[in-house]
Amino acid sequence: MPIGLARPQGPEAGPTGQEPEAGQPAGTSLSGAVWWVAALFVAVELSVSARYGFHRDELYFIACGRHLAFGYVDQPPLAPLMTRVATILFGTSPTGVRVIPALVGGAIVVGTGASARVLGGGRFAQLLSALAMACAPITLGSAHLAGTTVYDLAAWTFTMLFVLRAVVLERPRSWLAAGSVAGIGLEGKDLILLLAVALVIGLLVTPTRTVLATRWPWLGALIATVLWTPNLAWQLANGAPSLAMARSLRIEHSAAGDYVAFLPAQVILVGIFAFPIVVIGTRHLARRKDLRFVLVAVVVVVAYVFAVIPGRQYYTAGMLPVVLAVGACRIEERQPDRKRRRMWLAELVVGAVLSIAFVLPVLPLSTFARFTFLHKTSYDLGETVGWPQLTDQVAKVYVNLPLPERSSASIFTANYGEAGAIALYGGAYGLPAPLSGHNNYWLWGPGHASDQVVIAVGSVDQLRPHFANCRFDTTIHSPQDVDNDENGTVVSVCTGPEGTWSSFWGSLRHYG
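Keep in mind it's a predicted model, so treat the numbers as computed, not measured.

**Digging into the packing of helix α1 (residues 32–47) against helix α5 (residues 123–135)**
Moving on, step 1. Packing of α1 against α5 leaves a shortest axis separation of 9 Å and a crossing angle of 10°. Compared by their axis directions, α1 and α5 come out roughly parallel. The two elements α1 and α5 meet at a crossing, and its hand is right-handed. Facing A33, V34, V37 and F41 of α1, the residues of α5 in contact are Q126, L127, A130, L131 and A134.
Moving on, step 2. Tallied by class, the residues present in the contact of α1 with α5 amount to 8 nonpolar, 1 polar and no charged.

In structure tokens:
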């Protein structure tokens, strides 16, 4: 056999070769039900895509898309590029930028069902795993926004799918496809490097290590490296800012509470009714000799995220599709009763209904605003509220400046969300292009912006050391007082610069 492995037999063989309900050999084709689940998933995502508004990251990626590059200080180029493509094809609206992420989310659902198929799962296993992934809060939430997470989750899903094809189905050329997907994933988020390291460790410490004696995994790694080269070159040319960004994120997301919340968050990410499938899948990974390398990879990923950056609990989510697929195959093997199978499916749907208000904007904004606990537990939804209103309030400060000050005024924001909002909506008010020291806005620099009068949006503490006078002007209020990061932001006006932008721009940089 090409990879030196015998196909598992007996109790360790899992569901391979099992006959599904209709009598078709397991794994011969992907169940049509998987495609229907994916289509319904995309339909749900698009049906709510216009509600509330842009997320701060989407506003930032729209701005990054207007400054296309092979990299940015906080992420590789894929998400800004896809956002730029979306605005060209579908317009600059929340729905427009969310079409591609919704479709990618549907692909993740299909990839999960396809993983169950590779593992020998019949129609029920494919449907159960796909539905579990579709109903998982991490999938619903990430596919709603045009951020990096949905692309990263897709890269992990399909990298693992092709690795399974290479190992379980003994199709070594699938390593080339795995490398291609991983390489594209590296242009979306560096996190997939963790998967690569985890897989190497998993292969080295299990009998599956024999695959490393063949050329195919290494050719796949070479393809991934070549595809990563543009972003890698950009990082090297710009002083590797991603390393500084990573250090900043580790500090920001490594509080004591992050460690405490880590394990409960793992249940929440997949959903309480789907978590038993994860448990079953994890146990079965230990029983199948040909899949123990996957179990080791899962342990490495979870342990690394917990130890290094526990506040980013969703960084483990890339392993969910394969674990759900294994668990679904085991349930199909051990649970032939149709009634109980239907219960598994129904429980997933119930779980999605119970959690959907926390990850998608299904509630009227007035209802969302009324229940303040939703603001705390649904951070990303809160961050999609109030950006046009923020720009309007900043514009009033600008318009109320005396004409001599207004003609030489610039705007400096505390973060890229505020800057992105003013960049998008400010043109209608005649506002100057915003400046910020946050992430890539700092790298873009002040350009030819005036330094005589500066409207400081949440950034007065940064600017006060460099100006003779900073006076309070107004406070930002989010619509219906939604308690997001911008609610209560102070807007000030600073005058009397004690230097030029270029003289103190370096001190304004901050990552996060």
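Next comes the rest of the write-up.
**Let's talk about a nonpolar patch on the surface**
Moving on, step 1. A cluster of nonpolar residues, V197, V200, I201, L204 and V205, forms a patch on the protein surface that exposes about 390 Å² of accessible area.
Moving on, step 2. For V200, the location among the structural elements is in helix α9 (residues 192–204).
Moving on, step 3. Residue class for V200 comes out partly exposed when judged on its relative accessible area of 35%.

**Observations regarding the confidence of the model for the chain**
Moving on, step 1. Averaged over every residue, the pLDDT of the chain is 93; residues scoring 70 or more account for 95%.
Moving on, step 2. Long-range and interchain partners of residues 1–27, a stretch whose pLDDT sits below 50, account for 64 contacts in this model, where long-range means more than four residues apart.

**Focus on the sheet that holds strand β3 (residues 453–457)**
Moving on, step 1. Here 5 strands make up an open sheet; going across it, the order is β2-β1-β3-β5-β4 and the pairing mixed. Looking at the sheet topology across the chains shown, the edges are occupied by β2 (435–436) and β4 (467–475).
Moving on, step 2. Note: β3 against strand β5 (residues 490–497), 5 bridges, orientation antiparallel. Following the sheet pairing, V454 is matched in β5 by C494.
Moving on, step 3. Across the sheet, helix α20 (residues 387–399) is in contact with β1 (409–413), β3, β4 and β5; its angle to β3 comes to roughly 155°.

**Remarks on a positive patch on the surface**
Moving on, step 1. Residues R123, R338, K339 and R342 make up a contiguous surface patch of positive charge.
Moving on, step 2. Among the elements that take part in the positive patch, helix α16 (residues 338–359) stands out by supplying 3 residues, more than any other.
Moving on, step 3. By the element assignment, R342 lies in helix α16.

**Overview of the side chain of D451**
Moving on, step 1. Within the secondary structure layout, D451 lies in the loop between α23 (440–444) and β3.
Moving on, step 2. At 15 Å, R471 is the nearest oppositely charged side chain to D451, a buried residue that forms no salt bridge.
Moving on, step 3. At a separation of 2.8 Å, a polar atom in the side chain of D451 contacts the side chain of Q452.
Moving on, step 4. When sequence neighbours within four positions are dropped, the list of residues in contact with D451 reads F467, P497, G499, T500 and W501.

**Digging into the state of the cysteines**
Moving on, step 1. Applying the stated criterion across every chain, the model contains 1 disulfide.
Moving on, step 2. Put simply, C470 and C494 are joined by a disulfide, and their sulfur atoms are 2.1 Å apart. In this structure the cystine formed by C470 and C494 twists about its S-S bond by roughly 110°; its chirality is therefore right-handed. Taken together, the residues span a long stretch of sequence, with C470 in strand β4 and C494 in strand β5 at a distance of 24 residues. Here C470 and C494 have matching classes, each one buried.
Moving on, step 3. Take C135: it sits in no disulfide, and the sulfur closest to it among the cysteines is that of C329, at 18 Å.
Moving on, step 4. Given a relative accessible area of 12%, C135 falls into the buried group.

**Quick look at the environment of D258**
Moving on, step 1. Here D258 lies in helix α12 (residues 256–270).
Moving on, step 2. Considering only alpha carbons, one finds D258 and R312, 54 residues apart in sequence, at a separation of 8.3 Å.
Moving on, step 3. In this view, D258 contacts E252, H253, P310, G311 and Q313; residues no more than four positions away in its chain are not counted.

**Concerning the packing of aromatic side chains**
Moving on, step 1. Per the counting criterion, the structure on display carries 16 aromatic pairs.
Moving on, step 2. With a centroid separation of 5.4 Å and 85° between ring planes, the pair formed by Y259 and F306 is classed as edge-to-face. Highlighted residues: Y259 in helix α12 and F306 in helix α14 (residues 292–308), separated in sequence by 47 residues.
Moving on, step 3. Its relative accessible area of 32% is what places Y259 among the partly exposed residues.
Moving on, step 4. Ring centres 4.8 Å apart and planes at 75° place the aromatic pair Y441 and W444 in the edge-to-face group. Highlighted residues: Y441 and W444, both in helix α23, separated by 3 residues, approximately one helical turn.
Moving on, step 5. When its relative accessible area of 25% is taken as the criterion, W444 is described as partly exposed.
Moving on, step 6. These aromatic residues form a ring-pair network of at least three members: Y60, F61, Y416, Y441 and W444.
Moving on, step 7. Its end group placed over the ring of W442, R509 keeps NZ or CZ at 4.9 Å from the ring centre.

**Considering helix α4 (residues 94–118)**
Moving on, step 1. Counted at 1.5 Å a residue, the expected span for α4 with its 25 residues is 36 Å, and the 36 Å between its end C-alpha atoms agrees.
Moving on, step 2. At I100, α4 shows its largest bend, some 30°, and a proline, P101, comes one to four positions later.
Moving on, step 3. Following α4 by one or two positions, G120 has its phi on the positive side, about 95°.

**Topic: the packing of helix α13 (residues 275–287) against helix α15 (residues 320–334)**
Moving on, step 1. With their axes 7 Å apart at the nearest point, α13 and α15 run at an angle of 85° to one another. When the axes of α13 and α15 are compared, the pair comes out roughly perpendicular. Here I277, V278, I280, G281, T282, H284, L285 and R287 of α13 lie close against α15, whose contacting residues are L320, V323, L324, V326, G327, A328, R330, I331 and E333.
Moving on, step 2. Looking at the contact of α13 with α15 residue by residue, the class counts come to 10 nonpolar, 4 polar and 3 charged.

**Quick notes on the pattern of salt bridges**
Any two side chains of opposite charge can pair, so long as their charged atoms come close to each other.
Moving on, step 1. Using the criterion set out here, one finds 10 salt bridges in the structure.
Moving on, step 2. Note that D485 and R56 form a salt bridge whose closest N and O atoms lie 3.8 Å from each other. Of the two residues, D485 is situated in the loop between β4 and β5 and R56 in helix α2 (residues 56–65); the sequence distance between them amounts to 429 residues.
Moving on, step 3. A relative accessible area of 8% places R56 in the buried class.
Moving on, step 4. K396 is the partner of D392 in a salt bridge, and the nearest nitrogen-oxygen pair spans 3.5 Å.

Cut-off values and rules
Residues numbered from 1 in each chain as written. Predicted model: local features only at pLDDT ≥ 70, side-chain atom pairs only at ≥ 80, totals over all residues. Heavy atoms only, no water. Axes fitted to C-alpha atoms, helices over the stretch in contact; angles between N-to-C directions. Helix = DSSP H or I, 4+ residues; strand = E, 2+ residues; numbered from the N terminus. Parallel < 35°, antiparallel > 145°, perpendicular 65-115°, else oblique. Left-handed = near helix turned anticlockwise from the far one by under 90°. Contact = heavy atoms within 4.5 Å. Nonpolar A, V, L, I, M, F, W, Y, C, P; charged D, E, K, R; others polar. Patch = residues over 30% accessible without salt bridge, like charges linked within 9 Å, V, L, I, M, F, W, Y side chains within 5 Å. Areas by Shrake-Rupley, 256 points an atom, 1.4 Å probe, with all protein chains shown as cover. Salt bridge = Lys/Arg side-chain N within 4 Å of Asp/Glu carboxyl O. Buried < 20%, exposed > 50% of the residue type's maximum accessible area, 1.4 Å probe, protein only. pLDDT = per-residue confidence, 0-100. Pairing = 2+ DSSP bridges. Lys, Arg positive; Asp, Glu negative; His and termini not counted. Charge placed at Lys NZ, Arg CZ, Asp CG, Glu CD. Polar contact = N/O pair within 3.5 Å; in protein donor to acceptor, adjacent residues only side chain to side chain. Disulfide = S-S within 2.5 Å. Phe/Tyr/Trp six-rings, centres within 6.5 Å; stacked < 30°, edge-to-face > 60°. Lys NZ or Arg CZ within 6 Å of the ring centre and 35° of its normal. Expected span 1.5 Å × (residues − 1). Bend = angle between axes of the 7 residues up to and from the residue.

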